[in-house]
Amino acid sequence: MSHSQSDTLLSVRELTVRFGGVLALDGVSFDVRRGEVFTLIGPNGAGKTTVFNLISRIYPPTGGEILWLGEPLTRMPPHAIAAQGIARTFQNIELFEQATVLQNLLIGHHTHRAAGFWADLLFTPAARRSALAARRKAEEMIELLDLQAHRDALVAGLPYGVRKVVELARALCSGPRLLLLDEPSSGLNVEETEDMAWWIRDIRSELGITVLMVEHDMSLVSRVSDRVLAMNQGQVLAQGTPAEVQAHPGVIEAYLGTVDDVASLRRAA
Ligand SMILES: Nc1ncnc2c1ncn2[C@@H]1O[C@H](COP(=O)(O)OP(=O)(O)OP(=O)(O)O)[C@@H](O)[C@H]1O
Ligand SMILES: [Mg+2]
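Quick summary incoming for the structure in this document. (Residues numbered from 1 in each chain as written. Chains lettered and ligands numbered in written order. Predicted model: local features only at pLDDT ≥ 70, side-chain atom pairs only at ≥ 80, totals over all residues. Heavy atoms only, no water.)

### Quick word on the overall build of the chain
When helices and strands are counted, the chain shows 11 helices and 10 strands. Looking at the chain as a whole, 47% of its 269 residues are labelled buried. Restricting to contacts in the chain with at least 6 residues of sequence separation, those with at least 24 account for 67%. Summing over all exposed atoms, the chain offers an accessible surface of approximately 13000 Å²; the carbon and sulfur share of this is 55%. (Helix = DSSP H or I, 4+ residues; strand = E, 2+ residues; numbered from the N terminus. Buried < 20%, exposed > 50% of the residue type's maximum accessible area, 1.4 Å probe, protein only. Contact = heavy atoms within 4.5 Å. Areas by Shrake-Rupley, 256 points an atom, 1.4 Å probe, with all protein chains shown as cover.)

And the structure:
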């Protein structure tokens, strides 16, 4: 099956970044298609979060290009990224701990339109409409992700698993076209991971949002991903369906040391 150019939302081309002596990314290329769940896997330090940080424009690449709808993202300032329709969650949850769930979600909407800040303070009719829209969006996400019971609770007092869902809701409040999820299941128990898989599938199927995810839990990866890209030491090892990538000898080797180890593991099983 061939895919036309217009199917591609985000295109990462020969992306390279060097931190001092560390070549964190070394010529990484991949395309994320509209409507898919595309997952980056790879051992610790492979460069997965670095890909997200480059897309978020936290720092510039040393080389290569990121195209968003065909336009170079690397020329846009960081504050323009949310307005482009790209939202993310962080490997270590980033929320305002001393604010309520609802307040955090209203802030999530704000990042989308920083220019409205003064208008909000002056409370013009346009600002009032936009505040209402933000409130509606926040309530909608609370409903969608089943957060009603925690709506007015301070984030600081919430269990870790709930905070992970709040962070997801916060990212969704900006109304993204592309959602970057950095290890959505990290720190979650089996049941919470199961729920997270449902949320991710709902986000794609009900909200029509494209998802680019980093994840270590292979059962979650298999359940929600359309395509998987495996990385190791800043380079691409393999790309394909979850099953194809997990069976790839280079991927197995990167995770488990050597192919001989895997063979002996299989014999022992
Ligand atoms: N800001 C930075 N300054 C210096 N080195 C960095 C920086 N960010 C990442 N690195 C290095 O780049 C490499 C890739 O890191 P990255 O965080 O992208 O890995 P990862 O695949 O997300 O790993 P993990 O699964 O542990 O989260 C590592 O060697 C890391 O130490
Ligand atoms: Mg990481």
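Read on for the rest.
### Quick word on a negative patch on the surface
Residues Glu143, Asp146, Glu191 and Asp195 make up a contiguous surface patch of negative charge. Topologically, Glu191 is positioned in helix α7 (residues 190–205). Residue Glu191 is classed as exposed on the basis of its relative accessible area of 62%. (Patch = residues over 30% accessible without salt bridge, like charges linked within 9 Å, V, L, I, M, F, W, Y side chains within 5 Å. Salt bridge = Lys/Arg side-chain N within 4 Å of Asp/Glu carboxyl O. Lys, Arg positive; Asp, Glu negative; His and termini not counted. Charge placed at Lys NZ, Arg CZ, Asp CG, Glu CD.)

### Some details on the sheet that holds strand β4 (residues 63–68)
What the four strands build is an open sheet, ordered β2-β1-β4-β5; its pairing is antiparallel. Looking at strand neighbours, the two that pair on one side only are β2 (22–33) and β5 (71–72), the edges of this open sheet. (Pairing = 2+ DSSP bridges.)

### Here's the deal with the coordination of the magnesium ion (ligand 2)
Around the magnesium ion (ligand 2), the protein contributes the donor atoms Thr49 (OG1) and Gln91 (OE1), which lie 2.0 to 2.2 Å from the metal centre. Of the two residues, Thr49 sits in helix α1 (residues 48–55) while Gln91 sits in the loop between β6 (86–88) and α3 (101–110), which places them 42 residues apart along the sequence. Take Gln91: its relative accessible area is 31%, and that puts it in the partly exposed class. (Donors = N, O, S within 2.8 Å, 3.2 Å for Na, K, Ca; no water.)

### Observations regarding the pattern of salt bridges
Close approach of charged atoms lets side chains of opposite charge pair. Counted by the stated rule, this structure contains eight salt bridges. When the shortest N-O distance is used, the salt bridge between Glu97 and Arg163 registers 3.2 Å. Taken together, the residues Glu97 in the loop between β6 and α3 and Arg163 in helix α6 (residues 160–172) connect sequence positions 66 residues apart. On the basis of relative accessibility, which here comes to 29%, the residue Glu97 falls in the partly exposed class. When its relative accessible area of 18% is taken as the criterion, Arg163 is described as buried. Residues Glu139 and Arg135 are paired through a salt bridge, measuring 3.1 Å at the closest nitrogen-oxygen approach. Of this pair, Glu139 and Arg135 both sit in helix α5 (residues 125–144), four residues apart, which is roughly one turn of the helix. Residue class for Arg135 comes out partly exposed when judged on its relative accessible area of 39%. Three or more residues are tied together by salt bridges with common partners; here these are Arg135, Glu139, Arg151 and Asp152.

### A word on the sheet that holds strand β9 (residues 227–232)
Here six strands make up an open sheet; going across it, the order is β6-β7-β8-β3-β9-β10 and the pairing mixed. For this open sheet the edge positions go to β6 and β10 (235–240), each flanked by a neighbour on one side alone. For this sheet the average axis-to-axis angle between neighbouring strands, irrespective of direction, equals 20°. Across five bridges, the pairing between strand β7 (residues 178–182) and strand β8 (residues 210–214) is parallel. The residue bridging Leu179 from the neighbouring strand is Val211, located in β8. (Axes fitted to C-alpha atoms, helices over the stretch in contact; angles between N-to-C directions.)

### Observations regarding the packing of aromatic side chains
What the rule picks out here adds up to two aromatic pairs. With a centroid separation of 5.1 Å and 85° between ring planes, the pair formed by Phe19 and Tyr59 is classed as edge-to-face. Note that Phe19 is positioned in strand β1 (residues 8–19) and Tyr59 in the loop between α1 and β4, a separation of 40 residues in sequence. When its relative accessible area of 23% is taken as the criterion, Tyr59 is described as partly exposed. With centroids separated by 5.2 Å and ring planes inclined at 15°, the aromatic side chains of Phe30 and Phe38 adopt a geometry described as stacked. With respect to class, Phe30 is no different from Phe38; both count as buried. Across the ring face of Trp198, the terminal group of Arg201 is positioned such that the distance to the ring centre comes to 4.5 Å. (Phe/Tyr/Trp six-rings, centres within 6.5 Å; stacked < 30°, edge-to-face > 60°. Lys NZ or Arg CZ within 6 Å of the ring centre and 35° of its normal.)

### Some points on the packing of α6 against α7
Interhelical geometry of α6 versus α7 gives an angle of 10° and a closest axis separation of 11 Å. Overall, the two elements α6 and α7 adopt an arrangement that is roughly parallel. Across the interface between the two elements, Gly161, Lys164, Val165, Leu168 and Leu172 of α6 pack against Glu192, Met196, Trp199 and Ile203 of α7. (Parallel < 35°, antiparallel > 145°, perpendicular 65-115°, else oblique.)

### Details of unusual backbone geometry
A positive phi angle, near 50°, is found at Glu14, a position not held by glycine. Position of Glu14 among the secondary structure elements: in strand β1. Phi is positive for Glu183, close to 55°, though the residue is something other than glycine. Examined against the element boundaries, Glu183 turns out to sit in the loop between β7 and α7. Of the residues examined, Glu183 reaches a relative accessible area of 9% and is grouped as buried.

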